[in-house]
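# Coordinates in review
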Amino acid sequence: MMKLLTITVPSYNSEAYLDRCMATLLPGGDEVEILIVDDGSTDRTAEIADEYERKYPNIVRAIHKENGGHGDAVTTGIRNATGLFFKVVDSDDSLAPEAYKQVLDFLRRIVKKNHELDMLISNFVYDRHDENGDVLRQKSIDYRKTLPRGRFFSWKEIGKFQTGHYLLMHAVIYRTSLLKGINLTLPKHTFYVDNIYVFQPLPYVKNIYYLDVCLYKYFIGRDDQSVHESVMIKRLDQQYRVTKLMLEIYNSSPKDQKNANDAMIHYFDMMMCVSSILSIREGSEERLKDKEKLWKQLEETNPELYGIVRNSLLGRTMNLPGKFGRKCSVVGYKVVNKFFGFN
């Protein structure tokens, strides 16, 4: 039987939370293919993955590989996927049961009617926990003000995304053949490549549907988590690298769909903002020089894009002159961070 949806679960030393994640994925049944990609784990992750494959041979496949990082695990999932559609669920995250059912029902219907679909968008929740695992706050992110509901649409019918709203990995399901067709390959041993995963396919997407359900529960709260601000500051080189790769991708991408191009610029604007504010927060002369180099590279590589991003609200805020300007940038960042709760 052709699988409706492939869910890839990148897993590195995930023994503490993989069961919790899988409990929310398995109710999809035989129409779903779950690929647990063990990325060279040193704990019991590989053993747990094999146990799931033995127990659910028609649903779960355990794939074991040398450690290559989150992006390489996602790439491995794409290469091995047999489902018509593709979703990434990190091993410490989960799916909401009723929304999961609605997504599968929708995909089943459109396949039966031979509807073309390149990207399905749904809502997600920032599920923030304390050190004991208790829920502190839940913040839902939806796209109701930007995207049409209840019908298929193209980029031409999409309004501009609001500041703070981006098509993050948690929100998208791609057609598998689209990802394979553009040979989406994420860099190894690099953090924050989920941004590339969403970004690179955008100009190739033609047919879109927004299902207004809250599918993905994005766990936030571990001190060692890659999106924790202190960790991001330590990994600034990774943030720079991904931002520069996204610039290369943008420069070589087709520009024939204006609103797709606008969405890419909006996303890249956010990446420049994150790289800049983390450099400011780190505060050393070296990092402040790195920030200036990043903006200079953008200006030299693509002057038109530089002009758009530099003069955006985020671009202006991140480039206020002097120490006082940098303090103002930090205040603005804290306000946005508090509102959206993304760290």
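Residues numbered from 1 in each chain as written. Predicted model: local features only at pLDDT ≥ 70, side-chain atom pairs only at ≥ 80, totals over all residues. Heavy atoms only, no water.

## Quick notes on the overall build of the chain
Scanning the chain from terminus to terminus reveals 13 helices and ten strands. A compact globule built from 343 residues would reach a C-alpha radius of gyration of about 20 Å, and the chain, at 20 Å, matches this within 12%. The contacts in the chain between residues at least 6 apart in sequence include a share of 78% that link residues at least 24 apart. As presented, the chain carries roughly 15700 Å² of accessible surface, and 51% of it is formed by carbon and sulfur atoms. When the 48 positive and 45 negative side-chain charges of the chain are each reduced to one mean point, those points stand 6 Å apart. (Helix = DSSP H or I, 4+ residues; strand = E, 2+ residues; numbered from the N terminus. Rg over C-alpha atoms; globule rule 2.2 N^0.38 Å. Contact = heavy atoms within 4.5 Å. Areas by Shrake-Rupley, 256 points an atom, 1.4 Å probe, with all protein chains shown as cover. Lys, Arg positive; Asp, Glu negative; His and termini not counted. Charge placed at Lys NZ, Arg CZ, Asp CG, Glu CD.)

## Digging into the layout of surface pockets
To locate leftover empty space, one rolls a probe as large as a water molecule over the atoms. Roughly 320 Å³ of volume is contained in the second largest pocket. Lining of the second largest pocket is provided by 17 residues; of these, Lys160, Phe161, Asp262, Ile265 and His266 occupy positions nearest its centre. Mapped onto the lining of the second largest pocket, the elements with two or more residues apiece are α9 (258-282), α11 (303-310) and α12 (313-317). Here the element with the most residues in the lining of the second largest pocket is α9; it accounts for six residues. For the lining of the second largest pocket, a count of residues per class yields nine nonpolar, five polar and three charged. (1 Å grid on protein atoms, 1.4 Å probe; cavity = no way out; pocket = protein on both sides within 12 Å on 5 of 7 lines; lining within 4 Å. Points joined across faces, edges and corners; volume = space filled by probe spheres on them. Nonpolar A, V, L, I, M, F, W, Y, C, P; charged D, E, K, R; others polar.)

## Here's the deal with unusual backbone geometry
Here the phi dihedral of Asn114 falls at roughly 60 degrees; this positive angle occurs in a residue that is not glycine. Its place among the elements puts Asn114 in the loop between α4 (97-112) and β6 (119-129). The exposure class of Asn114 is exposed, given its relative accessible area of 67%. A positive phi is found at His189, a non-glycine position, where the angle reads about 50 degrees. Relative to the assigned elements, His189 resides in the loop between α5 (176-181) and α6 (194-199). Take His189: its relative accessible area is 49%, and that puts it in the partly exposed class. (Buried < 20%, exposed > 50% of the residue type's maximum accessible area, 1.4 Å probe, protein only.)

## Comments concerning the nonpolar core
Membership of the largest hydrophobic core comes to 111 residues, with the highest contact counts inside it found for Ile34, Leu107, Met119, Tyr143, Trp155, Leu167 and Tyr197. Among the elements that line this core, the one with the most residues is α9, at 13 residues. Other than its neighbours up to four places away in sequence, Ile34 contacts Ile7, Val9, Met22, Leu25, Leu26, Ile59, Val60 and Arg61. (Core = buried A, V, L, I, M, F, W, Y, C linked by side-chain atoms within 4.5 Å.)

## Some thoughts on the pattern of salt bridges
What the rule picks out here adds up to 19 salt bridges. Residue Lys65 pairs with Asp72 through a salt bridge whose shortest N-O separation is 2.7 Å. Each member of the pair, Lys65 together with Asp72, is buried. We note a salt bridge from Glu157 to Arg151, for which the minimum N-O separation is 2.5 Å. With a relative accessible area of 38%, Arg151 lands in the partly exposed category. Residues participating in the shared-partner salt-bridge network are Glu31, Lys101, Asp105 and Arg108. (Salt bridge = Lys/Arg side-chain N within 4 Å of Asp/Glu carboxyl O.)

## Some points on the packing of aromatic side chains
Tallied over the entire structure, the rule returns 14 aromatic pairs. Ring geometry for Phe124 and Tyr126: centres 5.4 Å apart, planes at 80 degrees, overall edge-to-face. Residues Phe124 and Tyr126 agree in their burial class; the two are buried. Plain terms: the ring middles of Tyr143 and Phe161 are 6.4 Å apart, the flat faces sit at 85 degrees to each other, and that makes the pair edge-to-face. Residue Tyr143 is located in the loop between β7 (135-141) and β8 (152-153), and its partner Phe161 is located in the loop between β8 and β9 (172-175); the two are separated by 18 residues in the primary sequence. The buried category is assigned to Tyr143, whose relative accessible area is 1%. (Phe/Tyr/Trp six-rings, centres within 6.5 Å; stacked < 30°, edge-to-face > 60°.)

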